[in-house]
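Examination of the molecular architecture
Below are the chains, spelled out letter by letter.
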Amino acid sequence: MTQATGGRGAGAVLGAATVATGLVAGVVFAYVCSVMPALARSDDRVFFEVMRNINDVIQNPVFFTAFFGAPILAAVAAWQHRATRARAWTLAGFVLCAAVFVVTSAANVPLNAALAAAHDPAAARAAFEDPWVAWNLVRTILSVAGFVCLLRAMTVRGAARD
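What counts and what doesn't
- Residues numbered from 1 in each chain as written.
- Predicted model: local features only at pLDDT ≥ 70, side-chain atom pairs only at ≥ 80, totals over all residues.
- Heavy atoms only, no water.
- Disulfide = S-S within 2.5 Å.
- Buried < 20%, exposed > 50% of the residue type's maximum accessible area, 1.4 Å probe, protein only.
- Patch = residues over 30% accessible without salt bridge, like charges linked within 9 Å, V, L, I, M, F, W, Y side chains within 5 Å.
- Areas by Shrake-Rupley, 256 points an atom, 1.4 Å probe, with all protein chains shown as cover.
- Salt bridge = Lys/Arg side-chain N within 4 Å of Asp/Glu carboxyl O.
- Helix = DSSP H or I, 4+ residues; strand = E, 2+ residues; numbered from the N terminus.
- Expected span 1.5 Å × (residues − 1).
- Bend = angle between axes of the 7 residues up to and from the residue.
- Polar contact = N/O pair within 3.5 Å; in protein donor to acceptor, adjacent residues only side chain to side chain.
- Phe/Tyr/Trp six-rings, centres within 6.5 Å; stacked < 30°, edge-to-face > 60°.

Topic: the state of the cysteines
Considering all chains together, one arrives at 0 disulfides under this definition. In this structure C33 is not part of a disulfide, and its nearest cysteine sulfur, from C97, lies 20 Å away. Under the relative-accessibility criterion, C33 is labelled partly exposed at 46%. A disulfide-free cysteine, C149 has its sulfur positioned 9.1 Å from the sulfur of C97, the nearest such atom. For C149, a relative accessible area of 11% translates into the label buried.

Next up, the structure:
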């Protein structure tokens with residue numbers, strides 16, 4: 001089997017896409033179940049300062065490798081598996097990873113930028129918290145769904161090899 005039809009290299013790419021997607025899903029899920037509920041207990045100044053600090057430090061090579069790697073690797077995996085039984089699952093995984101990127105770029109990042117430019121913690125929080133939490137929930141659902149699709153692609157790929 002050639003790489004274009006799901007050969008050995010394609011399995012490695014699919015595995016890397018799955019791991020990267022799982023890492024991203026874990027990061028955004030952590031905000032849903034711990035970071036944002038903890039910050040919700042904080043006063044406006046603490047919320048404002050901590051969220052700004054988080055937004056600064058998350059922009060690092062380790063996070064960016066997973067965040068940008070997930071949709072890129074999923075796209076490559078979808079292409080490599082286009083003629084296999086795993087094609088629908090890899091394509092779905094890619095579409096969901098791409099959707100996480102779009103939501104983050106179109107919603108969460110602009111909210112982060114507005115928070116960074118703000119001067120009044122109470123007003124900044126009022127404009128930021130609810131929409132950011134809502135969009136983060138959307139990208140959490142999308143990233144977990146993408147992870148599940150890529151896991152399923154790996155299972156289908158493995159079953160086809162037996």
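Quick look at a nonpolar patch on the surface
Judged by side-chain polarity, F64, F68, I72, V76, F101 and V102 come together as a nonpolar surface patch covering roughly 490 Å² of accessible area. Contributing elements (two or more residues each) for the nonpolar patch: α3 (61–80) and α4 (87–117). For the nonpolar patch, the element with the most residues is α3, which contributes 4 residues. Position of F68 relative to the elements: it lies in helix α3. The exposure class of F68 is partly exposed, given its relative accessible area of 37%.

Here's the deal with α3
A rise of 1.5 Å per residue sets the reference length of α3, with its 20 residues, at 28 Å; its end C-alpha atoms lie 26 Å apart and thus fit the reference within 8%. In α3, a bend of some 40° at G69 exceeds every other bend along the element, and P71, a proline, comes one to four places later. All of the buried residues in α3 are F63, A66, F67, G69, A70, P71, A74, A77, A78 and Q80. At the N-terminal boundary of α3, the capping side chain belongs to N60, with an oxygen 2.9 Å from the backbone nitrogen of V62.

Digging into α4
Given a rise of 1.5 Å per residue, 31 residues ought to cover 45 Å, and the 44 Å separating the end C-alpha atoms of α4 matches this to within 8%. The sharpest bend along α4 reaches about 40° and sits at T104.

Some points on the pattern of salt bridges
Taken as a whole and assessed by the stated rule, the structure comprises 3 salt bridges. Salt bridges sharing common partners tie together D44, R125 and E129.

So, the side chain of T84
By the element assignment, T84 lies in the loop between α3 and α4. Within the structure, T84 has its side chain in polar contact with the backbone oxygen of H81 (distance 2.9 Å).

Topic: the packing of aromatic side chains
Applying the stated criterion across every chain yields a total of 9 aromatic pairs. Each ring, one from F47 and one from F128, has its centre 6.0 Å from the other, and the planes form 65°; the classification is edge-to-face. With F47 in helix α2 (residues 44–57) and F128 in helix α5 (residues 121–161), this pair connects stretches of sequence that are 81 residues apart. A residue is classified by how much of its surface remains accessible, and F47, at 0% relative accessible area, is buried. Judged by its relative accessible area of 2%, F128 falls in the buried class. An angle of 20° between the planes, with centres 5.5 Å apart, marks the rings of F63 and F67 as stacked. Taken together, the residues span about one helical turn, with F63 and F67 both in helix α3 at a distance of 4 residues. Neither F63 nor F67 differs from the other in exposure class; each is buried. A network of ring pairs unites the aromatic residues F63, F64, F67, F68 and F101 as a single cluster.

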